[in-house]
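Commentary on secondary and tertiary structure
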Protein chains: 2
Amino acid sequence: MPKYVDPEARRRDVVDALFRVVVRDGLQRASLRAVADEAGLNIGSLRHYFASQRELMDFAMQSMLDRLGARLVRRVEEAGDLGRHPGPERLRLAVELLAELLPLDEVRRAEVAVFLDFNTAARTSPEFAGLARRTAVGARELVRRLLGRLEATGTLRPGLDLDTETERLTALLDGLGMTAVLHPDLLGAEACLAVLRGHLGDLAAH
Amino acid sequence: MPKYVDPEARRRDVVDALFRVVVRDGLQRASLRAVADEAGLNIGSLRHYFASQRELMDFAMQSMLDRLGARLVRRVEEAGDLGRHPGPERLRLAVELLAELLPLDEVRRAEVAVFLDFNTAARTSPEFAGLARRTAVGARELVRRLLGRLEATGTLRPGLDLDTETERLTALLDGLGMTAVLHPDLLGAEACLAVLRGHLGDLAAH
DNA sequence: AGGGTTCTATCACAGTCGTGATAAATAGAA
DNA sequence: TTCTATTTATCACGACTGTGATAGAACCCT
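Residues numbered from 1 in each chain as written. Chains lettered and ligands numbered in written order. Predicted model: local features only at pLDDT ≥ 70, side-chain atom pairs only at ≥ 80, totals over all residues. Heavy atoms only, no water.

- Chain A is annotated in an unreviewed UniProt entry as Transcriptional regulator from Streptomyces katrae.

Examining the UniProt feature "domain: HTH tetR-type" (unreviewed entry) in chain A
- The sites that carry the UniProt feature "domain: HTH tetR-type" (unreviewed entry) are, in the present numbering, residues 8-68 of chain A.
- Here residues 8-68 of chain A runs as 80% helix and 0% strand, with 19 Å between its end C-alpha atoms. (UniProt positions renumbered as here; feature names shortened; annotations may be inferred. Helix = DSSP H or I, 4+ residues; strand = E, 2+ residues; numbered from the N terminus.)

Focus on empty space enclosed by the protein
All names here are of chain A.
- All told, the structure shown has one cavity of 30 Å³ or more when counted by the stated rule.
- Volume-wise, the largest cavity comes out at about 30 Å³.
- Every residue along the wall of the largest cavity is listed here: Leu 147, Glu 151, Leu 156, Leu 160, Leu 162 and Glu 165.
- Elements with a contribution of two residues or more to the lining of the largest cavity: helix H7 (126-152) and helix H8 (162-182).
- Tallied by class, the residues present in the lining of the largest cavity amount to four nonpolar, no polar and two charged. (1 Å grid on protein atoms, 1.4 Å probe; cavity = no way out; pocket = protein on both sides within 12 Å on 5 of 7 lines; lining within 4 Å. Points joined across faces, edges and corners; volume = space filled by probe spheres on them. Nonpolar A, V, L, I, M, F, W, Y, C, P; charged D, E, K, R; others polar.)

Observations concerning the domain arrangement of chain A
All names here are of chain A.
- Domain annotation for chain A reports domain 1 (1-51) and domain 2 (62-203).
- When each unit is reduced to the centre of its C-alpha atoms, the spacing between domain 1 and domain 2 is 29 Å.
- Across the boundary between the two partners, domain 1 contributes seven residues, which contact eight residues of domain 2.
- For the domain 1 and domain 2 pair, buried surface summed over both sides reaches about 620 Å², with 75% attributable to carbon and sulfur atoms.
- Inspection of the region where domain 1 meets domain 2 yields one salt bridge. (Domains from an automatic or database assignment. Contact = heavy atoms within 4.5 Å. Buried area = accessible area lost by both parts, 1.4 Å probe. Salt bridge = Lys/Arg side-chain N within 4 Å of Asp/Glu carboxyl O.)

A look at the interface of chain A and chain B
- Of the residues lining the interface, 42 residues belong to chain A; the matching set on chain B comes to 42 residues.
- For the pair chain A and chain B, the summed buried surface comes to about 3,600 Å²; carbon and sulfur atoms form 55% of the total.
- Applying the counting rule to chain A against chain B returns eight salt bridges.
- When the shortest N-O distance is used, the salt bridge between Arg133(A) and Asp185(B) registers 2.0 Å.
- Across the chain A-chain B interface, the total number found is 24 residue pairs in polar contact (both at pLDDT 80 or more). (Polar contact = N/O pair within 3.5 Å; in protein donor to acceptor, adjacent residues only side chain to side chain.)

What to know about the UniProt feature "DNA-binding region" (unreviewed entry) in chain A
- Under the feature "DNA-binding region" (unreviewed entry), the UniProt entry names residues 31-50 of chain A.
- Annotated as residues 31-50 of chain A, this span is 75% helix and 0% strand, and its ends, taken at the C-alpha atoms, are 13 Å apart.

Regarding the nonpolar core
Residues and elements named next belong to chain A.
- Counting residues in each nonpolar core, the largest one holds 34 residues, and the members touching the most others are Leu 98, Leu 169, Leu 176, Leu 196 and Leu 200.
- Those elements that provide at least two residues to this core are helix H4 (53-79), helix H5 (87-99), H7, H8 and helix H9 (189-203).
- Residue contributions to this core peak at seven residues, all from H5. (Core = buried A, V, L, I, M, F, W, Y, C linked by side-chain atoms within 4.5 Å. Buried < 20%, exposed > 50% of the residue type's maximum accessible area, 1.4 Å probe, protein only.)

Examining the relation of the copies chain A and chain B
- The transform that puts chain A on chain B rotates by 180° and translates by 0.0 Å along the axis, for an RMSD of 0.0 Å. Here the symmetry operator amounts to a two-fold rotation axis.
- When the interface residues of chain A are mapped onto chain B, 100% of them again lie at the interface, so the same face is used by both copies. (Least-squares fit on C-alpha atoms with pLDDT ≥ 70 in both.)

What follows is the structure, encoded as structure tokens:
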């Protein structure tokens, strides 16, 4: 007994198809027709759920950020109050949290790839500028808050400038993610983690 | 008395026009027609110097790398033997060398923007894969050699793992360049330099 | 069974793209 | 001047893009 399609589920399916196309062929080749094919839909059907390309892209990018945001919130809740853990454990939790932003498995690799294509496109595509900016600000806020917590619990060595360290760690994450996605043979998942661990270890009080 | 055009000069002009288009509108919109317009040429004329789009892109990217390579070589020659300088001076020279890779002025900002667009496109465009890989390897070699020199002159603190530090510094440079190009309001030129200086200072023997 | 909404499918249009082919204009040497 | 190579300019073709319009099928409710 067929029923009316759940529109939200359909939209999610389309977005998933869009992500697959972007990961495989790049944002440039993610045309409405290509996405429709990937989703197994007719283009007219797709356009029934997304009136325009702009609407699809906006919804897709927002979906990705929501998904990532939910994962981060879950991590933070799992960790609970940082002060309850011993020193080395605090660093480990910080690494695990930030590792959500690195392409360490296929899910995150797809996210970072889409994120990269989308962000570079946003440089010259005003329709993406707003979202791109918010994600950049959001990443900085996350990193800054984390470093602030570590500092407040005495996990970091004294004398660090929070602004500089925030930019440093954010840039490191961006760079690691970029290289791991573009050149996975040059920088594998474990190497990524090793660099991140090393960096936080460097920032820690010895 | 008009003369025959210097073909190499023309090709350089076209490449410059291509870079302007890419910086302004993105690699995606750098079509043959757009580049010809930007260069003040008819598309038929442009195609007389570049038989295909592929040939233009290959030549353009190689030109950019040659230009950057020449700047780096000049820096290295100016610095001479690192051992001749006192310790703090060595760090300053290292910062200046690596700063050639950061978008600190309009020339370098254009380079990094083109580099970013080109590299992300290379992820899903096999025709660019070779060049993208060589640049990634080249950057790592440069960073690694520099760190090796600093270590050999006793400028770095002991116990550092060269492989990890190479990836860390390379990722930092990539991330700084990316953010400075995509979000110049979040990360200005001086902030970029401050982070780089801070990082090398952290690596230095105190 | 009828009626109205939701969904799927198809056509057409104007725009862009890279490229092949070809012609016209120009420059320099004979 | 005449001849040849270089340079500039146009046209056409097939392929692709997003989108408007429209029609038909599938579905749920009365």
